Amino acid sequence: MRTITSLKGTSFSILLLAALIIVFLPFLVSSYYVGLAIQVFIFTIFAMSLDILVGHTGLPSMGHAAYFGVAAYATGFLCLAGIKNFWVGVILGMGSGGLTAALFGLLAIRAHGPYFMLITLALSQVLWGIAFKWRSLTKGDDGLPGIGRPEIGMGIDLKPDLYFYYFTFAIFLIVLVALFVLLNSPFGYTLRGIRESESRMKALGYNVGLYKYLAFVFAGVFAGTSGVLWVYYCGFVNPSNLGVDQSVKGLLMLILGGSGSFFGPGIGAGIIVLLENIVSGLTERWSLILGIIYVIVIMFFSEGLSSIVKRGH
Amino acid sequence: MIMFALLFLLTLGGQGIAEAANPIKIGFLAPYVGVFSKYGTDLKNGFKQALEEVNFKAAGREILFVTEDTEGKPEVGLTKTRKLVEKDQVHVLAGIISSGVAYAVKDYVVEKKTPLVICCAGATKLTQEDRNPFIFRVSFANGQQDRAGGWYAYAKKGYRKFIMIGSDYAAGHEKAAGFIKAFKFMGGEIVQETYTPLGTTDYAPYLAKIANLVGKADSLWTFYAGSDAIRFANQYDEYGLKKKIPIFCEGGMLDAANLPSQKDSAVGMEGYLQYFETVNTPENKRFFKEYREKYKDIPGSLSEGGYVGGKAIVKAIEAVKGKIENQEAFLKALKGVKFEAPRGPFRFDDHQNVIEPVYINRVEKKGGEYVNVVIDKIPDVGQYWMPKK
Amino acid sequence: MAFWIIQTLNGLSFSMLLFLIAAGFTLIFGLMKIINIAHGSFYLLSAYIGLTILRTTDSFLLAVVTSSVAAFVVGVAMQSLFLRRFYMKELQQVLLTFGFVLIIADLCLWVWGGNPMALPKPSLFRGSIWIGNVVFPSYRLLVILVGVIIAVGLWIFQEKTKFGAIVRAGVDDEEMLRGSGINIQRVFAGVFGLGALLAGIGGIIGGPIVGVFPGADLSMLLLALVVVIIGGIGSLKGAFVGSLFVGLVDNFGKALFPELSMFTLFAPMAIVLAIRPTGIFGKMEE
């Protein structure tokens, strides 16, 4: 992860260019692409939150959608109950995401490598099963529609996609800065030390378990943020937001874009959102093509991930 | 990085392709992947058949058909709807099988002022509490045919006690409620009501429960679709229950799409639906023949539903002489559309839901094939239809 | 009385089907630490291939052999051509299997279409037998029998054969296995293939009961996951016990408390995760 000083030069100009394109995007392309861009922002946050665990701490979580989905449901319930204030909604979302992570973390942190993966997967599936079956609360597979855009006061109406786009971008920037600060702090360096070698960190006197746990909770909080934005954008929530599909997609974003890096999650999110939407419009066999692309990418472009999965040595 | 830029340019390029000579664009939404994928294909085939009959032209203007896969998932359905409306700039939307998808896209469709002709999804609110000038439905509102069926079961079949079992989602509950309402109104009794999760692979525990009620009920009502319909029918017969408690079901379970897999298990089962492939109207004979020739498959209720949706849109376009952009006139024309559909005479009610006949069927084996034989008909059933004692 | 007998037999037949799927899944995870998301895909592929064979030749035996072999071959290919490259990189392996899920699922959709289908039963077992005043399909008894035979066969394989000993050693301590000079990649390919084979048998045996349809791969995977978590990761005994537990609880749960039907699957899993995450018979590598 680069420090602020090293962001000079070419990285900085890329960032500036990207910022310009983002700001002027609605005037360059149709509203359809603006919608896709909103999705990219949201999923970049999701991928970045997952990267705290995968890229920085070396914990390959396979149930990350749990926090995304719980936050989405929490915010959804809030909205349907009449509370449309965004700040209340996002605090609830972040809180519920973090709380779920805190709960899961207690169970998952004890495990390593593939066992960690299995347990995180199973835990998220339990939540999925509850959302799916508890029809009186969640309407099960039908989902909860009719969730409107939030109110942020100041006389701004977020119903038009255009305004929601800039709003999402603003939140995205806040999250970006927050994560940047977090991951470049001593906390972040400790996490990466744990990724490199848990035993060494333990020998140096770090409470490794606590750090891993905190990383888990932070990841849950930020994933929750993306869940909140998603439910406000979509207008509704359903069990697939908690499902294994969603979790694996997050991991794929990191593989494609490169985990543990600054731009990686964003690139990965962008590629997946565009691929899924464009390819499905071109052919009925889009699922097959997507699968082949994933296999090819993993086979040939995944070197950077070799260090992240620890086997507890 | 390069890959990303390339992809971005590609997607921008794709924008330019569609704008040829101002055709009318219809956006069609259906699941082509997942448990209802065959239904989705049937729906599409039927719809396209209607367009093919007029050579993809109405009132001299060309019709462009674009379809997107909803995967049966509301979220995906919403994303694809956005694409059709904002990227492809369609004039009218059609299709949709899953009520979940329908509910998810409703607000968006209304906000974007794009007419939607639902060809299957039965979620009642869409043409009742949540009705809207932009939403039309040519299939049924859940409970519509079921109330007619409930009346028929009591008045004509002489049943007095029913066991109910169906899929545990909105459609299952709404349809059961419709049947029960009419049946109880007539004086009947419901002995047991159970809902099974979508995609249940093994009905054995439920079947054993039904077996316990042999002698305490006249008939079993079911609502199952897709793979559930096949499995349930097969297993029901396997457990010897078909002979003990006859089935009088929501006819979708016995749809032509399912019979080839159910085979002998389905023989003897009866039910009700707005369409069976053997409906005896001249329109249906023609439709059946052409559909079978073109798609090498027998049209089921999904095929006919898609067909009727397509035909309604075409007729409305003709009525406004191709000027679909005059939305007020188009919506009015669509609402007033009347024609002979394969199932019988077609028209919308005041809330833009279809009024249709309901047919009673029995599955028989004829000449080595399994067919739905129509044994009776209840005409003019609207979404608020209730029996008279 | 007949009610209870029937429900128990029902539960057992479902358990045996679960065992076939879960056993393969747990073997693969136990030895190679791979969460094979494509495990349900073997079920899917095998059931579809079996369907075609049954339709063209009407020979159940041929269908069983062909589908199982096909699953085995795909499994071995998946491991030795793709997964092998990521030896000890479990995350990439899992993601690769996800890619294969999409590929296999879409190929099956392309070839066999989206219509859900039920496999025909072998002619010998199309009938039913009387239990009390209800008939019980004899095919389900066959499923129980096949399940038990395979369970015994796997036990013999694991406890009494050299290959089984190698696998046991590998599950316990992979480093030792690597150091022993045995060609570990061949062992991996063989075990992966075996896991796929078991899931394939599950597909052809389960096909007449469960049917085959787009989405069957993920539903079977989910069931395998529940069994393995409860019974214990990496343990065949755990898979057997777990299957019995899940099959019977699920069955009786549906019969006695239908409103809670999915909870009967997930609640035990949640409890196990909270109290003993490795499952009843599993052991975690430390």
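Here the structure is a predicted model, which is why all the values come from computation and not from measurement. (Residues numbered from 1 in each chain as written. Chains lettered and ligands numbered in written order. Predicted model: local features only at pLDDT ≥ 70, side-chain atom pairs only at ≥ 80, totals over all residues.)

1. Describing the overall build of chain B
Piece 1. Along the backbone of chain B there are 13 helices and 15 strands.
Piece 2. For 389 residues, the compact-globule estimate of 2.2 N^0.38 gives 21 Å, and the C-alpha radius of gyration of chain B, at 21 Å, lies within 12% of that figure.
Piece 3. A buried classification covers 60% of the 389 residues belonging to chain B.
Piece 4. In chain B, 72% of the contacts between residues at least 6 apart in sequence involve partners at least 24 apart. (Helix = DSSP H or I, 4+ residues; strand = E, 2+ residues; numbered from the N terminus. Rg over C-alpha atoms; globule rule 2.2 N^0.38 Å. Buried ≥ 20, exposed ≤ 12 C-beta atoms within 10 Å, placed from the backbone. Contact = placed C-beta atoms within 7 Å.)

2. With respect to the pairing of strand 11 (residues 270-273) of chain B
Residues and elements named next belong to chain B.
Piece 1. Of the two faces of strand 11, the one carrying Glu270 and Tyr272 and the one carrying Gly271 and Leu273 are both buried.
Piece 2. Pairing of strand 10 (residues 248-250) with strand 11, which is carried by 3 bridges, proceeds in the parallel orientation. Residue Phe248 lies in a different strand from strand 11, and its bridge partner there is Glu270.
Piece 3. Across 4 bridges, the pairing between strand 11 and strand 14 (residues 354-366) is antiparallel. Within strand 14, the residue paired with Leu273 across the bridge is Tyr359. (Pairing = 2+ DSSP bridges.)

3. Looking at the sheet that holds strand 2 (residues 57-58) of chain B
In any sheet, the strands associate via hydrogen bonds between backbone groups, in a parallel or an antiparallel arrangement.
All names here are of chain B.
Piece 1. Spatially, 2-3-1-4-5-6 is the arrangement adopted by the 6 strands of the open sheet, whose pairing is mixed. On the outer flanks of this sheet lie strand 2 and strand 6 (135-137), each paired with one strand and no other.
Piece 2. Pairing analysis gives 4 bridges linking strand 1 (residues 24-30) to strand 4 (residues 92-95), with the strands arranged parallel. Bridge pairing in strand 4 links Gly27 to Leu93.
Piece 3. This element, helix 2 (residues 37-53), spans strand 1, strand 3 (61-69) and strand 4 of the sheet and lies at about 160° to strand 1. (Axes fitted to C-alpha atoms, helices over the stretch in contact; angles between N-to-C directions.)

4. Brief notes about the domain arrangement of chain B
All names here are of chain B.
Piece 1. Here chain B is described as being made up of domain 1 (14-140 + 281-352) and domain 2 (144-273 + 357-381).
Piece 2. If you list the elements that add at least two residues to the side of domain 1 that touches domain 2, you get helix 2 and helix 12 (301-319).
Piece 3. Looking at the side of domain 1 that touches domain 2 element by element, the count peaks at 3 residues for helix 2.
Piece 4. Along the lines of polarity and charge, the residues of the side of domain 1 that touches domain 2 split into 8 nonpolar, 6 polar and 3 charged. (Domains from an automatic or database assignment. Nonpolar A, V, L, I, M, F, W, Y, C, P; charged D, E, K, R; others polar.)

5. Focus on the interface of chain C and chain A
Piece 1. Taken together, the contact between chain C and chain A spans 38 residues of the former and 40 residues of the latter.
Piece 2. Elements that contribute at least two residues to the side of chain C that touches chain A include exactly helix 4 (90-112), helix 9 (216-231) and helix 11 (263-275) of chain C.
Piece 3. In terms of residue count, helix 4 of chain C provides more of the side of chain C that touches chain A than any other element does, 15 residues in total.
Piece 4. Counted by class, the side of chain C that touches chain A contains 29 nonpolar, 2 polar and 7 charged residues.

6. Section: the interface of chain C and chain B
Piece 1. On the side of chain B, 29 residues touch chain C, which itself brings 29 residues to the contact.
Piece 2. Contributing elements (two or more residues each) for the side of chain C that touches chain B: helix 1 (2-32), strand 2 (134-137), helix 8 (184-210) and helix 10 (236-256) of chain C.
Piece 3. The element best represented in the side of chain C that touches chain B is helix 1 of chain C, accounting for 5 residues.
Piece 4. Considering only residue class, the side of chain C that touches chain B consists of 17 nonpolar, 11 polar and 1 charged.

7. Considering the sheet that holds strand 8 (residues 189-196) of chain B
Residues and elements named next belong to chain B.
Piece 1. Spatial strand order, 8-7-9: 3 strands in an open sheet with parallel pairing. The sheet is open, and its two borders are formed by strand 8 and strand 9 (219-223), each paired with just one other strand. Across the sheet, the mean angle from the axis of one strand to that of its neighbour is 15°, orientation sign disregarded.
Piece 2. As judged from the 7 bridges shared by strand 7 (residues 161-167) and strand 8, these two strands associate in the parallel manner. Looking across to strand 8, one finds that Ile163 is bridged to Gln192.

8. Observations concerning the confidence of the model for chain C
Piece 1. Across chain C, the average pLDDT comes to 86, with 97% of residues at or above 70.
Piece 2. Quick note on the complex model: pTM equals 0.83, ipTM equals 0.85. (pLDDT = per-residue confidence, 0-100.)

9. Side note on the packing of helix 2 (residues 39-57) of chain C against helix 8 of chain C
Residue and element names in this part refer to chain C.
Piece 1. Helix 8 packs onto helix 2 with a crossing angle of 50° between their chain directions and a minimal axis gap of 7 Å. With respect to each other, helix 2 and helix 8 are oriented oblique. Note on packing geometry: the crossing formed by helix 2 with helix 8 is right-handed. Of the residues in helix 8, those in contact with His39, Phe42, Tyr43, Leu44, Ser46, Ala47, Gly50 and Leu51 of helix 2 are Ala196, Ala199, Gly200, Gly202, Gly203, Ile204 and Gly207.
Piece 2. Within the contact of helix 2 with helix 8, the residues separate by chemical class into 8 nonpolar, 7 polar and no charged. (Parallel < 35°, antiparallel > 145°, perpendicular 65-115°, else oblique. Left-handed = near helix turned anticlockwise from the far one by under 90°.)

10. Quick word on helix 11 (residues 244-257) of chain A
Because the α-helix completes a turn every 3.6 residues, residues three or four places apart line up on one side.
Piece 1. Taking 1.5 Å per residue, 14 residues should reach 20 Å; helix 11 of chain A reaches 20 Å between its end C-alpha atoms and fits that length.
Piece 2. A:Gly258 sits one or two positions beyond helix 11 of chain A and adopts a positive phi of about 105°. (Expected span 1.5 Å × (residues − 1).)

11. Focus: unusual backbone geometry
Piece 1. If you check the backbone angles, B:Lys263 has positive phi at about 50° while not being a glycine.
Piece 2. Summarising the element assignment, B:Lys263 is placed in the loop between helix 10 (259-262) and strand 11.
Piece 3. Notably, C:Asp58 is not glycine yet its phi reads approximately 60°, a positive angle.
Piece 4. By secondary structure assignment, the location of C:Asp58 is in the loop between helix 2 and helix 3 (60-82).

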